[in-house]
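Fold and contact review
Residues per chain are reported as follows:
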Amino acid sequence: MLNVNNLSVSYPDGTEVLRGVSFTLKRRENAALIGANGAGKTSLLLSLSGILGISGGNADACGVALGKQTLGEYRRSIGLVFQNPDDQLFMPSIFEDIAFGPRNLGVPEAEIAPLVQRTLESLGIAHLSARSPLKLSGGEKRLCALATTLAMEPEFLLLDEPTAFLDPKARHNLAGLLNRLPQGKLIATHDLSFARLTCSRVLLLSDGEVSDRGAPTEATLSALERELVGN
Amino acid sequence: MHKAIRELHQLENLAAKGTVIHRLPPAVKLVCTLVYVIAVAALGRYSFYVLTPFVLYPCILMALAELPYALLLKRLAIALPFALFGAVSSLIFDPHGVLAALTILLKTYLCVMAALILVATTCFTEISRTLRRMRVPKIFVVTLELTYRYIGVLLEEAHSMRTAYLLRSGTKTRNLEMMHMGSFLGQLVLRSFDRAERIYAAMKCRGY
């Protein structure tokens, strides 16, 4: 379970971007995080990954609290997939990139190659192992970025705009894939129909607070869309 | 800019060939290059004549590895301004200026060629893996890997910024005007800072 209680986050200049955010995410549950541009979706994902410091409240994943002392252990259960795969794929080859996380976790070198292979195969991209990220398509990069996180075997995935840069086919395939993966997922997206394809619950982030809008039915989503458009 | 991206790919593609030199173990090539560069750099400042036989090394290796001379020479041109600066200073300040200047130019040519030949005959992941196996501190290897990875991304970013600039520049020139160079480069540096921060965040997320 990922529990978030009264979480507040401020930028260094004092602007309060999140004010008392609370929600829970169960294992195997997919929730969509919807909100206008600049509402703080990325800030919420970054703070839940322990990258952005929190100014109030608390969070815990699988019973481990988010805090300075427990950050290493906490992060093991959280995998963050960035909006732009070029930020996430920083090694010269896909193999090395996927091996980066497990190596840092202390996985013995002999187990690295099979682990990378298994992860790539589970996403159907084993043929990309030796390639450089520079030469991949947007869809391939997205899957590789996901693989780098999955290789660390997290309990929860936080995805920031996973459909950005994807064509309809790649988007459709990604939806199928996210539905198959067993992790609990918080998917920050503007793509309401993607939320409908993948999630069982919609969370709206607005004015620094999160409200639960229930299942993404057609009625819920069109009401949300009207709210976001402003009429 | 587009050309620079293409040349980067060309250099990578060269490393995928299968000649005798390409098939040598990466560790052998890495150590040979290091020894060669140290030997060239360690020779005295007037050692132009002693250095001449060293020219055989790049010539023989390039012939065996079937590398295109023109492409490597173009890459070599990047190091030329620095070498020229040293050479001109020697001409002005050194009593044996001509000999010292020639030595600096030759040393630059030899060292950069040796490094280029290594890169053009060995896949970069092999080089970094070998460095790691040779117990080179992790921080150096990771820095090298990140630099290599992001040269291409930075070039592409600069390329798309330049395209956006030219599309709205209203002139027929193919290059940036000097007066806009400052804000263009400033913007590129800011974007790079932002990206560096996001990459560091991505690294921290994965246990770095």
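No experiment lies behind these values; they were computed from the predicted model shown. (Residues numbered from 1 in each chain as written. Chains lettered and ligands numbered in written order. Predicted model: local features only at pLDDT ≥ 70, side-chain atom pairs only at ≥ 80, totals over all residues. Heavy atoms only, no water.)

1. Topic: the overall build of chain A
Check the secondary structure of chain A and you find nine helices and 10 strands. The C-alpha radius of gyration computed for chain A amounts to 18 Å, which stays within 12% of the reference 17 Å derived for 231 residues, consistent with globular compactness. Viewed in the frame of its principal axes, chain A has a C-alpha envelope of about 50 × 45 × 30 Å. Within chain A, contacts between residues at least 6 apart in sequence are counted, and of these 63% link residues at least 24 apart. For chain A, the exposed surface amounts to about 9,700 Å²; the carbon and sulfur share of it is 50%. Here chain A holds 22 positive side-chain charges and 25 negative ones, and the gap between their average locations is 4 Å. (Helix = DSSP H or I, 4+ residues; strand = E, 2+ residues; numbered from the N terminus. Rg over C-alpha atoms; globule rule 2.2 N^0.38 Å. Contact = heavy atoms within 4.5 Å. Areas by Shrake-Rupley, 256 points an atom, 1.4 Å probe, with all protein chains shown as cover. Lys, Arg positive; Asp, Glu negative; His and termini not counted. Charge placed at Lys NZ, Arg CZ, Asp CG, Glu CD.)

2. A word on a nonpolar patch on the surface
Residues and elements named next belong to chain B. Residues Val 88, Leu 91, Ile 92, Phe 93, Val 98 and Leu 102 make up a contiguous nonpolar surface patch of roughly 620 Å² in combined accessible area. When contributions to the nonpolar patch are tallied by element, the ones reaching two or more residues are α7 (80–93) and α8 (97–121). Looking at which element gives the most residues to the nonpolar patch, the answer is α7, with four residues. Considering the arrangement of structural elements, one finds Phe 93 in helix α7. (Patch = residues over 30% accessible without salt bridge, like charges linked within 9 Å, V, L, I, M, F, W, Y side chains within 5 Å. Salt bridge = Lys/Arg side-chain N within 4 Å of Asp/Glu carboxyl O.)

3. Here's the deal with the confidence of the model for chain B
Atomic detail in the predicted coordinates should be set aside for any region of low pLDDT. Residues and elements named next belong to chain B. Per-residue confidence for chain B averages 85 on the pLDDT scale, and 96% of its residues sit at or above 70. Across chain B, element-level confidence peaks in helix α3 (residues 26–42) with a mean pLDDT of 92 and bottoms out in helix α1 (residues 2–14) with 74. Reported confidence for the predicted complex is 0.77 by ipTM and 0.77 by pTM. (pLDDT = per-residue confidence, 0-100.)

4. A look at the interface of chain B and chain A
With 28 residues of chain B at the contact, the number on the chain A side is 26 residues. Each partner contributes to the roughly 2,500 Å² buried at the junction of chain B and chain A, and carbon and sulfur atoms together form 57% of this total. Sorting the residues of chain B by area buried against chain A places Arg 149, Cys 205 and Arg 206 of chain B first, and these three jointly supply 34% of that buried surface. For the pair chain B and chain A, the interface holds six salt bridges. Here Glu 96 of chain A ties to Arg 132 of chain B by a salt bridge, and the two come within 3.5 Å at their closest N and O atoms. Linking chain B with chain A are 14 residue pairs in polar contact (both at pLDDT 80 or more). Counting only elements with at least two residues in the side of chain B that touches chain A, the list comes to α1, α9 (124–133), α10 (138–167) and α11 (178–205) of chain B. Of the residues contributing to the side of chain B that touches chain A, the split by class is 12 nonpolar, five polar and 11 charged. (Buried area = accessible area lost by both parts, 1.4 Å probe. Polar contact = N/O pair within 3.5 Å; in protein donor to acceptor, adjacent residues only side chain to side chain. Nonpolar A, V, L, I, M, F, W, Y, C, P; charged D, E, K, R; others polar.)

5. Regarding the domain arrangement of chain B
Residue and element names in this part refer to chain B. Partitioning chain B into structural domains gives domain 1 (2–133) and domain 2 (138–205). On a C-alpha basis, the centres of domain 1 and domain 2 stand 27 Å from each other. Every contact between the two is made by nine residues of domain 1 and, on the other side, nine residues of domain 2. Buried area between domain 1 and domain 2, both sides added, is near 1,000 Å², and the carbon and sulfur share of it is 74%. Applying the counting criterion to the domain 1 and domain 2 interface returns one salt bridge. Our count for the domain 1 to domain 2 interface comes out at two residue pairs in polar contact (both at pLDDT 80 or more). Within the residue set of the side of domain 1 that touches domain 2, elements represented by two or more residues are α1 and α9. Residue contributions to the side of domain 1 that touches domain 2 peak at five residues, all from α1. Looking at the side of domain 1 that touches domain 2 residue by residue, the classes come out as five nonpolar, two polar and two charged. (Domains from an automatic or database assignment.)

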